[in-house]
Amino acid sequence: MTKMASLQPIRGTHDLLPDEMRAHRHVVGTARRIVELYGYEEIATPIFEFSQVFQRTLGEASDIVTKEMYSFADKGGDLITLRPENTAGVARCFISEGLAQQVPVRFFYAGPMFRHERPQKGRQRQFHQIGVELIGLAQPEADVEVIAAGVRVLDALGVLGKTVLEINTLGDHESRESYRQALVAYFGEHTAGLSEDSRTRLSRNPLRILDSKDEGDRRIVADAPLFADYLNPASVAFFDRVTAGLETLGIAFAPNPRLVRGLDYYSHTAFEFTTTALGAQGTVLAGGRYDGLIKMMGGSDTPGVGWAAGVERLAMLCGTAPAARRPVALVPVGAAAEAEAVKLAERLRASGLRVDLAYSGNLGRRMKRANRIAASASILIGDDELSRGAATVRNMDSGTQEEVALPSLEEFLAQYR
Ligand code: ATP
Ligand code: MG
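Residues numbered from 1 in each chain as written. Chains lettered and ligands numbered in written order. Predicted model: local features only at pLDDT ≥ 70, side-chain atom pairs only at ≥ 80, totals over all residues. Heavy atoms only, no water.

On to the pattern of salt bridges. A full pass over the atoms with the stated rule returns 17 salt bridges. Among the salt bridges present, the one from D197 reaches K67, with a minimum N-O distance of 3.1 Å. With D197 in helix α7 (residues 196-204) and K67 in helix α3 (residues 63-68), this pair connects stretches of sequence that are 130 residues apart. Judged by relative accessible area, which is 37%, D197 ranks as partly exposed. The salt bridge partner of D291 is R289, with a shortest N-O separation of 2.8 Å. When sorted by exposure, D291 lands in the same class as R289, which is buried. (Salt bridge = Lys/Arg side-chain N within 4 Å of Asp/Glu carboxyl O. Helix = DSSP H or I, 4+ residues; strand = E, 2+ residues; numbered from the N terminus. Buried < 20%, exposed > 50% of the residue type's maximum accessible area, 1.4 Å probe, protein only.)

Below you can see the structure in the form of structure tokens.
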């Protein structure tokens, strides 16, 4: 058989080996612990949904829908998409599980997302997100709460200082409509300089042009009308309350009138925590208000606000992964001791110790292994020790050792738990 290309991971996907997995668990575990303090409960939605769930909500002209979705017809002929993000899935869940009676609801999620993008540092085809959704609260205090929860998560991870909170408002429906008209007029005069993508966006959703990464587009965008000039008083008042709330909590932010989110369902507050520490992929946590989403999907008119953060990018920003828990190494010498060690290992694990037992090798090889796995202690059992009903415990950091009676091992080793 020839070597199979399929033995490579699919482009843009990665195996998470123990160090990386630990870094991910640190990010997810920290976030889970922090947002729980705010009342967010973890849920999980399926990693695939009917394509409609994403097509209708993310917007037919969004980058995700036009270019990035993994969609296929399954064996039953249903059109299925691997979730590119989780807000649409949570909204679908909110509707199909009939949660409208329970509002407000606060949900946290963590898991893999899939987007067919050009892989590069911080940009993968299977990546992981954590996120929160606060559904059922229309007031700006809700926006402040979710942003504060994001701040606390970044702070607990020790990366808040490396980020800037950029914030903007996309206004209410009426404001967006008058802004849309202004953009159509402006970009309509500059079609020659726009990328092909943006010319398509012009007719479908001109706001999206503001989010374009194309160089030429960006030059034209630089002089485009500002949203701030088209906001109605209600939208201005809403945004003022959000920023006032952030100030009350001492949360620093940088207004960015050019910030738009890539998806159709956003209104009012949009925000991103960005960093210069990760190169081109600078957004680590991003979100906003999505008051129209649940109704658009066929549910009751229910407001919502939330954010999602990239676990890979956060893990990179954190730097080195937290160390693995150190094991104690059992080092039996001789057949009788080896038999005893198997039973002893179970006993020690039952007491809460992480125990490593190599099944073969001489004393030298076993001690080498104990060093390589960074054991905190090694427990030597030879025939001599066994005849005395004892083991020699060596502290691997200090090198000191002492003989301990087998029945009191758990108690003695408590310091290594
Ligand atoms: P970008 O502008 O980097 O493409 P986005 O606006 O598409 O980001 P969101 O949909 O807001 O990203 O997703 C929230 C977060 O998820 C991002 O800020 C980022 O940290 C992470 N993320 C998004 N796409 C990817 C990807 N392909 N690989 C790794 N992380 C990603
Ligand atoms: Mg993207």
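As a further point, take the environment of L285. Within the element layout of this structure, L285 appears in strand β10 (residues 283-289). Look at L285 and you get buried, because its relative accessible area is 1%. For L285, the contacting residues outside a window of four places in its chain are G150, L154, F271, E272, F273, W307, A308 and A309. (Contact = heavy atoms within 4.5 Å.)

Now for the domain arrangement of the protein. When its domains are assigned, the protein resolves into domain 1 (4-172 + 232-318) and domain 2 (328-416). A C-alpha centroid distance of 47 Å is found between domain 1 and domain 2. (Domains from an automatic or database assignment.)

Over the atoms, a rolled probe matching the size of one water molecule traces out where space is still vacant. Per the counting criterion, the structure on display carries one cavity of 30 Å³ or more. Counted as a void, the largest cavity has a volume near 40 Å³. Residue lining of the largest cavity: A329, L330, V331, D356, A358, R366, R369, A370 and I373, and that is the complete set. Looking at the lining of the largest cavity, the elements that each hand over two or more residues are β12 (328-332) and α13 (363-372). The residue inventory of the lining of the largest cavity, partitioned by class, reads six nonpolar, no polar and three charged. (1 Å grid on protein atoms, 1.4 Å probe; cavity = no way out; pocket = protein on both sides within 12 Å on 5 of 7 lines; lining within 4 Å. Points joined across faces, edges and corners; volume = space filled by probe spheres on them. Nonpolar A, V, L, I, M, F, W, Y, C, P; charged D, E, K, R; others polar.)

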